[in-house]
Amino acid sequence: MTDISTTYLGLKLRTPLVASASPLSHEIDNIRRLEDAGASAVVLYSLFEEQLRQESLELEHHLSAGTDSFSEALSFFPQPDEFQLGPEGYLDHIRRAKEAVSIPIIASLNGTTIGGWTQYAKLIGQAGADALECNIYSIPTDPDLTASVVEQQFLEIVKSVKSAATIPVAVKLSPFFSNMANMAKRLDGAGVNALVLFNRFYQPDVNLDDLEIQPSVLLSTPQALRLPLTWIGILYGRIHANLAATSGVHGPEDVVKLLMVGADVTMLCSALLRNGINHLRDVEGGVREWMEIHEYESVHQMKGSMSQIRCSNPSAFERAQYMRAVKSMQHVTQS
Amino acid sequence: MDQALSHLFEVKVPSASTSTIEMPPPFSTSAPDFERDVLGAIYAGHGDELPVSVFPVDGTFPTGTAKWEKRNLALEIPAWDPNVCIQCGKCAMVCPHGVIRIKVYDSKDLNGAPPAFKSTESRDKEWQGLKYTIQVAPEDCTGCGICVEVCPAKNKAETRLKAINMVPQPPLRAQESENWDFFLKIPQLDRRNIKVTSIRQQQIEEPLFEFSGACAGCGETPYLKLMSQLFGDRTVIANATGCSSIYGGNLPTTPWTKNAAGRGPAWSNSLFEDNAEFGLGFRLSIDKQTEFAQELVGRMAGVIGEELVNAILTSPQDDEADIYEQRQRVDLLKEKLDRSDSPDVKQLLAVADLLVKKSVWIVGGDGWAYDIGYGGLDHVLASGRNVNVLVLDTEVYSNTGGQASKSTPRAAVAKFAAGGKPRAKKDLGLIAMSYGNIYVASVAMGAKDEHTLKAFLEAEAYNGPSLIIAYSHCIAHGINMTTAMSNQKAAVDSAEWLLYRYHPDRAAQGENPLILDSRAPTRKVQDYMLMETRFKMLTKSKPDEARRLWREAQDDAVSRFRLYEYLAQRKGNVEPPKANEGGKT
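Residues numbered from 1 in each chain as written. Chains lettered and ligands numbered in written order. Predicted model: local features only at pLDDT ≥ 70, side-chain atom pairs only at ≥ 80, totals over all residues.

### Observations regarding the overall build of chain B
Helices and strands together make up the secondary structure of chain B, namely 22 helices and 13 strands. In terms of overall size, chain B behaves like a compact globule, its C-alpha atoms giving a radius of gyration of 26 Å where 585 residues would be expected to give roughly 25 Å. Projected onto the principal axes, the alpha-carbon positions of chain B cover approximately 95 × 65 × 55 Å. Across the 585 residues that make up chain B, the buried fraction comes to 48%. Sequence separation of at least 24 residues holds for 75% of the intrachain contacts in chain B that already meet a minimum separation of 6. (Helix = DSSP H or I, 4+ residues; strand = E, 2+ residues; numbered from the N terminus. Rg over C-alpha atoms; globule rule 2.2 N^0.38 Å. Buried ≥ 20, exposed ≤ 12 C-beta atoms within 10 Å, placed from the backbone. Contact = placed C-beta atoms within 7 Å.)

Here it is in structure tokens:
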């Protein structure tokens, strides 16, 4: 029997197939279905820093708007005994998810600045989450903000979250650093238990009909796989933290490739949104079949086997190979 | 706190006033005597000092008085860019306060225009060679910004700009006030030359409802303004107590106004619970007086002349041209009657104006129509009389501070429904349709403005009872009032609110009377609910209950859409109901 179990964030997982943060996890029923379909862990949807900060302000604004403008009505809404603002709703969701399934539940905190929100890491652990994924999702638009300041801010956020958390912490990152490997190493040094590579970035589109910038998130395509594949391959064996691959994980071969370059787990989102939760069964079956046909005993055996430090041509991950690839493209177009 | 304390400084209060700014009188000195001296005094808070003798003996107050208030509420007002404008008229249509006006006029009317007055060529083929201006009343605007939100024309070089943009009011106040005064002097285009079925033309009709004290961005007032533009110069309104009676006739001023000929809506508010009956009384009285006038005209053919008598008695008065001609005839009639002093003549002169068709409107909110005045409304609708009922449906008792009504949708939080309304909204339209002879329309201006316009025209033209249920966004929904028209669109896109028209005349022609103007839902009810605090707050106070109610609300929307789809798809009636049973005009 092929052993496809793996270890991630200190958690022993049945398979390397984890459901990444997505709208699916808003419903407890979906989390149950993910477990039934074979997900070895579920990352919950994100609790946003802005949500914590602005939700109460917005509610207060709308509940009190107009109350000072008209003498016949001093208010327009009933005043409930209490509102569950801040993280209470999310913490409750963690509790209910833990009660509903037996697989590990990984919570997700999303923010970009140092602030009180990082302290929720502790409450998340107390609510029963097995681990925490900290999603640092920054889109710096200020031209005067230097890379070193942005990087330092990342590290400070991570340290702050780590100091509050009592459970393992993974950090989900963007690939856009001057030196991704150095950033990974510094985060590793800050005590991060895993790196999740990479965030799917919000990139708006232009709507030509109404000339509006349109916020929309594109689902990933299999081509997106190359970016995590490259960097996991480079980082494997060079840092202590676990490596999780996300973006472009669509079929069994994608999973095998990512494990081979060094991923501890692979995370699926777009493929499940597109094909349904049961797609997980097909992917798991495909991975097992591939491993049996190619006579691999375990995920452990294949993990990192194609990473830069273990593969036959390490330069394939580097610039020299890029030059060759471009030249061969020229050759193709000329012939 | 320490920082706040360390930055406190003392303001020395002088013993005598040192300001050199003159306090303007409450109302302009150019206002008529009564407005300036009586209404102005009340406005300034000196009402207690007025003797009883200054008040009108019959309790009738002049209309067109809100314009003297000049509240200067807006920090920002819309400014028009004629080069970007496509002249669609949408900004004027949605303006809740009647401050955005459009005029189409002859170029000679520009003589003496202030230097900053904006004008461009009319783009409408039927108005070729005429000039076009959109002018804002700078001191009456509340700065709600709804006009900018609905403007569909964008500046091609800088897409953040539209054909109308919010700009600071203070620097423009003097200049735009001068422009506004000039604009008012430009004559209105003859109503016979306006195609009322198209918004871009219809919106140049003069609103006879302006500068109300409704909340900035009110969702009710655009409907009233539209009604006043279309029929205001011959309208009589019975208004239920509620928001519309407060902003409609809160002493000392009223936003209901009159045109250059002195014609405008006559308006009154009796009570909350009796408004439908109050309006029916108007109808019966008007019908009786018209009947009497017609009888007298027929009897006096010798004095008036056969030809004029026939023309007066047989005029269909179906459109503006007919109405115009009938008014001409009545003027001629009065002229002829002036030469005689028989008792019949005196009586006819007293009722001659009733020979021109009057449009009776019964107006109120959902608290009146769905709840407290429902019994009376049902009686009046069932009477078959030619009345037009406009329900400004905010789905809550707005004026008294947001109590739930039977119109409140499932899952909405309101007073008396703090845990979310547990039941679905009452379907007032469906109940009215069951009579068969009532014109019923459900509209939402922000979702489909052309549909709203069509429903108003059809309802008024129908010679029997009409009911328009108009989605009205409200401050009691806990929403951004500037973008509220997009909430209306979301309500329709999710089938939370349906657009339809039930026309008994179609049944009389053997067709299905119901036209479902909503398309199948394209988004979830949840998308709409997330835009409004009245729904969203339940997810923060009772998340489990919210989840259950939101699911049920989605089911409500889908099943109601399917029911209407089924009703609208049926073949025409084999035996049509009698339209306008007992109807008279």
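### Considerations on the overall build of chain A
Along chain A, the regular secondary structure elements total 12 helices and 12 strands. The C-alpha atoms of chain A give a radius of gyration of 22 Å, which matches the 20 Å a tight globule of 335 residues would have. For chain A, the residues scored as buried account for 41% of the 335 residues in total. Partitioning the intrachain contacts of chain A with sequence separation of at least 6 by distance along the chain shows that 73% fall at a separation of at least 24.

### So, the sheet that holds strand 8 (residues 194–197) of chain A
All names here are of chain A. Strand order in the closed barrel formed by 8 strands is 3-4-5-6-7-8-11-12, and the pairing between neighbours is parallel. Each strand axis lies, on average, 25° off the axis of its neighbour in the sheet, ignoring direction. Here strand 7 (residues 169–173) runs beside strand 8; their pairing, made up of 4 bridges, is parallel. Bridged to L173 within strand 8 is L197. (Pairing = 2+ DSSP bridges. Axes fitted to C-alpha atoms, helices over the stretch in contact; angles between N-to-C directions.)

### What to know about the domain arrangement of chain A
Split into domains, chain A comes out as domain 1 (6–304) and domain 2 (309–335). Between domain 1 of chain A and domain 2 of chain A, the C-alpha centre-to-centre distance is 33 Å. (Domains from an automatic or database assignment.)

### Quick word on the interface of chain A and chain B
Residue-level contacts link 19 residues of chain A with 18 residues of chain B. A per-element tally of the side of chain A that touches chain B places helix 2 (residues 49–64) of chain A first, with 3 residues.

### Regarding the domain arrangement of chain B
What the domain assignment lists for chain B is domain 1 (22–60), domain 2 (66–205), domain 3 (277–355) and domain 4 (394–569). The gap between the C-alpha centroids of domain 1 of chain B and domain 4 of chain B is 42 Å.

### Overview of the pairing of strand 7 of chain A
Residue and element names in this part refer to chain A. With respect to burial, strand 7 is a largely interior element, 5 of its 5 residues being buried. Burial along strand 7 is two-sided: the residues V169, V171 and L173 and A170 and K172 are all buried. Bridge analysis of strand 6 (residues 131–136) against strand 7 gives 4 bridges, and the strand direction is parallel. Counted as the bridge partner of L132 is V169 from strand 7. Handedness of the crossover joining strand 7 and strand 8 through helix 6 (residues 180–189) is recorded here as right-handed. (Right-handed = clockwise from strand over helix to strand, strands pointing away.)

### Let's talk about unusual backbone geometry
For the bond from L197 of chain A to F198 of chain A, the omega torsion is 0°, close enough to zero to count as cis. Even without being a glycine, Q317 of chain B presents a positive backbone phi close to 50°. Looking at the secondary structure, you find Q317 of chain B in the loop between helix 11 (306–314) and helix 12 (320–338).

### A word on the sheet that holds strand 12 (residues 500–502) of chain B
Residue and element names in this part refer to chain B. Ordered in space as 7-6-8-9-11-10-12-13, the 8 strands form an open sheet in which the pairing is mixed. Each end of this open sheet is capped by a strand with a single partner; those strands are strand 7 (266–269) and strand 13 (514–516). Ignoring strand direction, the axes of neighbouring strands in this sheet form an average angle of 15°. Alignment of strand 6 (residues 235–239) against strand 8 (residues 359–365), held across 5 bridges, turns out to be parallel. Its bridge partner lying in strand 8, T235 is registered against S359. Where helix 7 (residues 221–231) meets the sheet, it contacts strand 6, strand 8, strand 9 (388–393) and strand 11 (466–471), and its direction lies at approximately 155° from that of strand 9. Most of the contacts of helix 9 (residues 275–299) go to strand 8, to which it runs at about 175°, and overall it touches strand 6 and strand 8.

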